[in-house]
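# Chain and residue survey
Below are the chains, spelled out letter by letter.
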Amino acid sequence: MAALSASAALATARALPVHNFSAGPSLLPPSVIERVSAEVRHYEPAGGPLPEIRFTGPAFGDLIETAEADLRALMDIPSDYAVLFMAGGATAQFSLLPLNLLGARTRASYVDSGYWSRRALQEGRRYCSVQSLDADPDRLPERVASESAYCHITSNETVDGWAYAQLPRLPTVPLVADMSSDFLARAVTVSDFGLIYASAQKNLGATGLAIVIVRRDLLGRAASSTPAVFDYTRQSAARSLLNTPPTFAVYLTTRMLQWVRANGGVAAMERASLRKSARLYDAIDASAGFYVCTVPIAGRSRINVCFTLRDEALTAVFLRRAQQEGFMHLAGHSQRGGIRASLYNALPDAAVSALAEFMRDFARRRG
Ligand SMILES: *Cc1c(COP(=O)(O)O)cnc(C)c1O
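Attention here is on the structure that accompanies the text. In this text the structure is predicted, and so the values were computed from the model without any measurement.

## Regarding the overall build of the chain
From N to C terminus, the chain includes 10 helices and 14 strands. The C-alpha atoms of the chain give a radius of gyration of 21 Å, which matches the 21 Å a tight globule of 367 residues would have. Taking the principal axes of the C-alpha coordinates as reference, the chain spans close to 60 × 55 × 30 Å. Counting over 367 residues, the chain shows a buried share of 56%.

Laid out in structure tokens, this is it:
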């Protein structure tokens, strides 16, 4: 962390552990940081520093193939789905979805569940007529228009702390999901979706990269104006190597995927996220209204725990005290305020237990 504030520097000086609760880019496990640091200097398969790796050479070919194979193993991705590594993060996908999936259709449905789904929906409006639907954490709306090319959902709303309790199914229209913030943190039946995409910066730590998992029968529909590097069909044929890909981000993704596999896979990540989030929601619910979570219980995110303080004026005090104790980046999104604790896969249980204890202590002193 380059820009540690004075109080965080103080926490470090007192040898307190510093816990990163940032909503993204996410923290990385110490073992991954160690390995990446060494491989940046010397990556044996390439015979030199990692950032100098040639994307057309065998060493990088191995990396991207390993990333795809590990992801397929972790998510049990069927063979009739292509896996793409694309530049531009999830935000680029907001435009690439309609460009690639509309084909001859002129309409798409979007479930409006919060900040990120609205961003996707607004971008969709530039390309087609949009059916906007209200969100329900337990199911999809029943009125999804049958003429829609796809129906878009956001499985976990990173800003609002809202998520589907169970991922929905939709037999009529291809279901497209932005899984940026709960990718590899919950079990997913890939065959329930036409397309899944995720910005790698959340659970995989690499900025600027999006992973796209698309059913092959949805390929071949891109609008003729689609830039070649953003054409799913062309990138699939080129194995995501149509141009120089973000090589470092792909490399970092391989290391994170290996970490997830070594630590029990998606099932273990899901159990951990349930356990970690329950600790914070318990602290909120037991605080007699000192902390308030306005998300209905069925829709509470297991990744981004958002809450406010009954006495809003105490928010700044809470954040300052938390930072002094080494709990970093707990401020809510600029559009929402309040507190947000993001519990990505790499965040250890101990960090969450310590934060819950801090919250109880703070409420006792100030309540
Ligand atoms: C972070 C996030 C995005 C945007 O990701 P970028 O990498 O900034 O493009 C989109 N959707 C969701 C759900 C997110 O959490």
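## A closer look at the site of the ligand
In the vicinity of the ligand, 14 residues are found, and the nearest of them are Thr91, Thr158, Asp178, Ser199 and Lys202. Expressed as a share of its isolated accessible area of 390 Å², the protein-covered part of the ligand is 89%. Residue composition of the shell around the ligand, by class: three nonpolar, nine polar and two charged.

## Things to note about the sheet that holds strand S11 (residues 291–292)
Ordered by their spatial adjacency, three strands build an open sheet running S11-S12-S14, and the pairing between neighbours is antiparallel. On the outer flanks of this sheet lie S11 and strand S14 (339–342), each paired with one strand and no other. Bridging between strand S12 (residues 304–309) and S14 involves four bridges; their strand directions are antiparallel. Its bridge partner being in S14, Val305 is matched across the sheet by Ala341.

## Looking at the nonpolar core
In this structure, Leu71, Phe183, Ile213, Tyr291 and Phe318 are the most contacted members of the largest nonpolar core, which totals 90 residues. Setting aside residues no more than four positions away along its own chain, Tyr291 makes contact with Ala283, Ile284, Phe307, Thr308, Leu309, Phe318, Met359, Arg360, Phe362 and Ala363. If you look at the next biggest cluster of nonpolar residues, it comprises 30 residues, including Ala92, Leu102, Ala108 and Val176.

## A closer look at the pattern of salt bridges
Inspection of every chain in the model, using the stated rule, returns 22 salt bridges. A salt bridge links Glu68 to Arg239, with the shortest nitrogen-to-oxygen separation between them at 3.5 Å. With Glu68 in helix H3 (residues 58–75) and Arg239 in the loop between helix H6 (232–237) and helix H7 (247–262), this pair connects stretches of sequence that are 171 residues apart. Judged by its relative accessible area of 51%, Arg239 is exposed. Glu270 is paired through a salt bridge with Arg302; the nearest N and O atoms lie 3.1 Å apart. Residue Glu270 is found in helix H8 (residues 265–285), and its partner Arg302 is found in the loop between S11 and S12; the two are separated by 32 residues along the sequence. With relative accessibility at 21%, the residue Arg302 sits in the partly exposed group. Bridged by salt links that share partners, the residues Arg35, Glu39 and Arg255 form one connected network.

## Overview of unusual backbone geometry
Note that the residue after Gly24, namely Pro25, is joined by a cis bond; omega there is -5°. As for its position among the elements, Pro25 is in the loop between strand S1 (19–20) and helix H2 (30–41). Of note, the phi angle at Arg239 is positive, near 50°, even though the residue is not glycine. The phi angle at His329 is positive, at roughly 60°, despite the residue not being glycine. Among the structural elements, His329 can be located in the loop between strand S13 (327–328) and S14. Given a relative accessible area of 43%, His329 falls into the partly exposed group.

## Focus on the sheet that holds strand S8 (residues 175–178)
The strand order across the open sheet built from seven strands is S2-S10-S9-S8-S5-S3-S4, with neighbouring strands paired in mixed fashion. Bordering the open sheet on either side are strand S2 (81–87) and strand S4 (129–134), each of which pairs with just one other strand. In this sheet, adjacent strand axes meet at a mean angle of 20° when their direction is disregarded. Sitting on the sheet, helix H4 (residues 89–101) touches S2, strand S3 (107–112), strand S5 (151–154), S8, strand S9 (195–199) and strand S10 (209–215), and the angle it makes with S9 is about 155°.

## A look at the environment of Ala223
With respect to the helices and strands, the residue Ala223 is situated in the loop between S10 and H6. When its relative accessible area of 32% is taken as the criterion, Ala223 is described as partly exposed. Spatially, the C-alpha atom of Ala223 lies 50 Å from that of Ser353, the residues being 130 residues apart in sequence.

## Considerations on the pairing of S12
Counting buried residues in S12 gives five out of six residues, a clear majority hidden from the surface. Bridge analysis of S11 against S12 gives two bridges, and the strand direction is antiparallel. Within S12, the position partnered with Tyr291 by the bridge is Leu309.

## A look at the side chain of Glu39
Summarising the element assignment, Glu39 is placed in helix H2. Note on Glu39: relative accessible area 12%, which makes it buried. One polar contact links Glu39 to Arg255, side chain to side chain, over a distance of 2.9 Å. With sequence-adjacent residues up to four places away left out, Glu39 is seen in contact with Pro49, Leu50, Tyr251 and Arg255.

## Re H4
With 13 residues, H4 should reach 18 Å at 1.5 Å per residue; the first-to-last C-alpha distance of 18 Å fits that figure. Considering bend angle alone, the principal kink of H4 is centred on Ser95 and spans about 40°; proline Pro98 follows within four residues of it. By the criterion of burial, H4 is predominantly enclosed, with 12 of the 13 residues buried. Of the positions making up H4, those classed as buried are Gly89, Ala90, Ala92, Gln93, Phe94, Ser95, Leu96, Leu97, Pro98, Leu99, Asn100 and Leu101. Phi turns positive one or two residues past the end of H4, at Gly103, with a value near 55°.

Cut-offs and rules
- Residues numbered from 1 in each chain as written.
- Predicted model: local features only at pLDDT ≥ 70, side-chain atom pairs only at ≥ 80, totals over all residues.
- Heavy atoms only, no water.
- Helix = DSSP H or I, 4+ residues; strand = E, 2+ residues; numbered from the N terminus.
- Rg over C-alpha atoms; globule rule 2.2 N^0.38 Å.
- Buried < 20%, exposed > 50% of the residue type's maximum accessible area, 1.4 Å probe, protein only.
- Near = heavy atom within 4 Å.
- Areas by Shrake-Rupley, 256 points an atom, 1.4 Å probe, with all protein chains shown as cover.
- Nonpolar A, V, L, I, M, F, W, Y, C, P; charged D, E, K, R; others polar.
- Pairing = 2+ DSSP bridges.
- Core = buried A, V, L, I, M, F, W, Y, C linked by side-chain atoms within 4.5 Å.
- Contact = heavy atoms within 4.5 Å.
- Salt bridge = Lys/Arg side-chain N within 4 Å of Asp/Glu carboxyl O.
- Axes fitted to C-alpha atoms, helices over the stretch in contact; angles between N-to-C directions.
- Polar contact = N/O pair within 3.5 Å; in protein donor to acceptor, adjacent residues only side chain to side chain.
- Expected span 1.5 Å × (residues − 1).
- Bend = angle between axes of the 7 residues up to and from the residue.

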